[in-house]
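Listed here are the chains, written in short residue letters.
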Amino acid sequence: MASIHQTPQAYEPVFTPRELVQATLPHSNPGDDLPTWSRRNGNYVLGIQPGWNYDKDESFGYPYGTIPRLLIYWIATEVLRKKQRRLELGDTLNGFMDKVGLSPETGGGKRSDAKRLREQMDRLFHARITFQFSAEMQQVRYRNRLDMQVAPKTQVWWSERQPDQQVMFGSWIELGDEFYQAIMECSVPIDMRALRALKKSPLALDLYAWATFRAVAATRKGRMQKVPWKALAQQFGSDYARPRDFKIKARAQLKKIQLVYPDLNLEEQDDYLIIRPSLPAIPEKVK
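Here's a quick rundown of the structure. Just so you know, these numbers come straight off a predicted model, no measurement behind them.

Next up on the list: the layout of surface pockets. Roughly 600 Å³ of internal volume is contained in the largest pocket. Lining of the largest pocket is provided by 23 residues; of these, K115, R116, E119, Q120 and R123 occupy positions nearest its centre. Of all the secondary structure elements, the ones that give two or more residues to the lining of the largest pocket are strand 5 (58-59), helix 3 (66-82) and helix 5 (113-126). Here the element with the most residues in the lining of the largest pocket is helix 5; it accounts for 7 residues. Here the residues of the lining of the largest pocket are counted per class, giving 5 nonpolar, 6 polar and 12 charged. In this structure, the second largest pocket is lined by 27 residues; those nearest its centre are P13, V14, F15, V188 and P189. Elements with a contribution of two residues or more to the lining of the second largest pocket: strand 1 (13-17), helix 3, helix 4 (93-100), strand 11 (187-191), helix 7 (192-198) and helix 8 (202-221). With 7 residues, helix 3 is the single largest residue contributor to the lining of the second largest pocket.

Spelled out as structure tokens, the structure:
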């Protein structure tokens, strides 16, 4: 966090598709036996069906937590930089961990970053994700739907036990065309330095991306945006049993976000948040 204040213009721009700012992945594991999972934001719905592991004859489960978010930031950034669907992951697991903002120094076992990264890659790349928008205008029902896989083609040769080991064959993923187009058509720029500071909390990562997106919208429209806590809880808080629990945790994370995004003009009220026109986290000329 200190580096952002000391060198505010040393931006490290990364990107995420707008669709995954409007509705986000699970913060915690919904349960691997659940057939489908969804999150709603007004008329917009994100739905996920987990992929099937044919080797073990069981579900891969849902992508959740911080790691799939860090993966998507890396993927979107590489796509916008290289303008291609096939992305090379590198020769070693440790090397890729460093690329996405994880640490190779977490030791072994189930909770190591290496183990969790491989697991969440399987969950994310095998899942089928649906974005759906529906509305009714003049008694006419409208629905727009996009089904996609993030990476329907993958080749990964890494060793979790020897994450520094180089292998003879390259590791790569090839994005689905729908996901590739979603990134190319509209992605939200954010600062990797902030992600490193916030990566312990998936809620903080989501709120940071959302705040940068809404601050830009408020600036372009030249007027403040009022967001009810109730609407914010629906968008981000379906993992929380009670809305007030979400509000307490969201307020704590928003304080951290204002430390890594000091130009964010945010005000908290009892019933809603106010976002006023603000300097963007990533200036237009840097994108």
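Additional details are given in the paragraphs that follow.
Before going further, it helps to examine the environment of I72. With respect to the helices, strands and loops of the structure, I72 is situated in helix 3. Taking the C-alpha atoms as reference points, I72 and P17, separated by 55 residues in sequence, lie 8.3 Å from one another. Excluding residues that lie within four positions of it along the chain, I72 makes contacts with F15, T16, P17, L20, L25, L124 and F179.

In this section: the sheet that holds strand 6 (residues 86-90). The strands making up a sheet associate through hydrogen bonds between their backbones, and the pairing can be parallel or antiparallel. Spatial strand order, 6-10-9: 3 strands in an open sheet with antiparallel pairing. In the strand order of this sheet, the two ends are held by strand 6 and strand 9 (153-155), each with one partner. Taking each pair of neighbouring strands and ignoring which way they run, the sheet shows an average axis angle of 15 degrees. Pairing of strand 9 with strand 10 (residues 171-174) involves 3 bridges; the strand directions are antiparallel. Its bridge partner lying in strand 10, T154 is registered against I173.

Procedures and definitions
Residues numbered from 1 in each chain as written. Predicted model: local features only at pLDDT ≥ 70, side-chain atom pairs only at ≥ 80, totals over all residues. Heavy atoms only, no water. 1 Å grid on protein atoms, 1.4 Å probe; cavity = no way out; pocket = protein on both sides within 12 Å on 5 of 7 lines; lining within 4 Å. Points joined across faces, edges and corners; volume = space filled by probe spheres on them. Helix = DSSP H or I, 4+ residues; strand = E, 2+ residues; numbered from the N terminus. Nonpolar A, V, L, I, M, F, W, Y, C, P; charged D, E, K, R; others polar. Contact = heavy atoms within 4.5 Å. Pairing = 2+ DSSP bridges. Axes fitted to C-alpha atoms, helices over the stretch in contact; angles between N-to-C directions.

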